[in-house]
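# Residue-level structural notes
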Amino acid sequence: MVEETVLRPADFIAPLFVVEGDAPPEEIKSMPGVFRLSIADLVKECRELKAVGVPAVALFPKLDAKLKDDEGSLALDENALVLRAVRAVKAAVPELTILTDVALDPYTTHGHDGVLTAARDDVDNDRTVGILARMAVLQARAGVDVVAPSDMMDGRVGAIRKALDAAGFTGTGIMAYSAKFNSGYYGPFRDAVGSAQAAGT
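Residues numbered from 1 in each chain as written. Predicted model: local features only at pLDDT ≥ 70, side-chain atom pairs only at ≥ 80, totals over all residues. Heavy atoms only, no water.

This paragraph deals with the pairing of strand β1 (residues 13–18). Strand direction decides the pairing type here: β1 and strand β4 (residues 56–61), joined by 6 bridges, are parallel. Bridge assignment links Pro-15 to a residue of β4, and that residue is Ala-58. In terms of strand pairing, β1 meets strand β3 (residues 35–37) through 2 bridges, oriented parallel. Residue pairing for β3: Phe-17 is matched across the bridge by Arg-36. (Pairing = 2+ DSSP bridges. Helix = DSSP H or I, 4+ residues; strand = E, 2+ residues; numbered from the N terminus.)

In structure tokens form, the structure reads like this:
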């Protein structure tokens, strides 16, 4: 009852940020000591994390602005950066648990988590949920073990679960992001994936 809290490597999920190309690691200003990594460096980092006992990683893509559009179309591309990263990590460290973000903000020019209404004054909830469900299935197909919707659309968890089950991914988990929303990392994460500035935050 009075035991101190103990945190071990096995208790952590390591957030990792991936970029295109083969440039050296790029430090994220809002998170000193944390870097955006090429896929090759990401695989190396995942091997090292597994070796020290960290059981899981959460992957986040940082896209070139030229690849973004208002619809976040690249999120549904089977050759998207994060999906290639997942496949590379699974091939190199198959026992590592992989989580991925399910949200459109890394892919949209406006930096919001969904597609906008015609009037561009709100996010189209139902249309966005349909896209998120398709994203989750693509991620599961690439080898993701747990999808983590961070978009805050109404009804998206049920829609994602239904889509995953229908596609045969009944064992793919869904993780809540409530801990991140209530931490000091929400802003820095948006900065790390390049959506904070686009959304004006």
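From this point, the narrative continues.
Another aspect to go through is the environment of Pro-55. Residue placement: Pro-55 occurs in the loop between α1 (39–51) and β4. Spatially, the C-alpha atoms of Pro-55 and Pro-9 are 7.8 Å apart, while their sequence positions differ by 46 residues. Setting aside residues up to four positions removed in sequence, Pro-55 forms contacts with Pro-9, Ala-10, Phe-12, Leu-96 and Thr-97. (Contact = heavy atoms within 4.5 Å.)

Here we take up the sheet that holds strand β7 (residues 173–174). Strand order in the open sheet made by the 7 strands is β2-β3-β1-β4-β5-β6-β7, with mixed pairing throughout. What marks the edges here is a single partner per strand, and that holds for β2 (26–27) and β7. Bridging between strand β6 (residues 146–149) and β7 involves 2 bridges; their strand directions are parallel. Across the sheet, the residue bridging to Val-146 is Gly-173, located in β7. Along the sheet, helix α3 (residues 125–142) makes contact with β5 (97–102) and β6, crossing β5 at roughly 160°. (Axes fitted to C-alpha atoms, helices over the stretch in contact; angles between N-to-C directions.)

Look at α3: 26 Å from first C-alpha to last across 18 residues, which is about the 26 Å you get at 1.5 Å a residue. Listed in full, the buried residues belonging to α3 are Thr-128, Val-129, Ile-131, Leu-132, Ala-133, Met-135, Ala-136, Val-137, Leu-138, Gln-139, Ala-140 and Ala-142. Packing partners of the buried residues in α3 comprise α2 (81–92), β5, β6 and α4 (156–166). Phi for Gly-143, located one or two positions after α3, is positive at around 120°. (Expected span 1.5 Å × (residues − 1). Buried < 20%, exposed > 50% of the residue type's maximum accessible area, 1.4 Å probe, protein only.)

The next subject is the packing of α3 against α4. Contact geometry for α3 and α4: axes closest at 9 Å, N-to-C directions at 45°. By the criterion of interaxial angle, the relationship of α3 to α4 is oblique. As for the relative orientation of α3 and α4, their crossing is right-handed in sense. On the side of α3, the interface is formed by Val-129, Leu-132, Ala-133, Ala-136, Val-137 and Ala-140, while α4 contributes Arg-156, Ala-159, Ile-160, Ala-163 and Leu-164. Here the residues of the contact of α3 with α4 are counted per class, giving 10 nonpolar, no polar and 1 charged. (Parallel < 35°, antiparallel > 145°, perpendicular 65-115°, else oblique. Left-handed = near helix turned anticlockwise from the far one by under 90°. Nonpolar A, V, L, I, M, F, W, Y, C, P; charged D, E, K, R; others polar.)

Shape descriptors only; they carry no functional weight alone.
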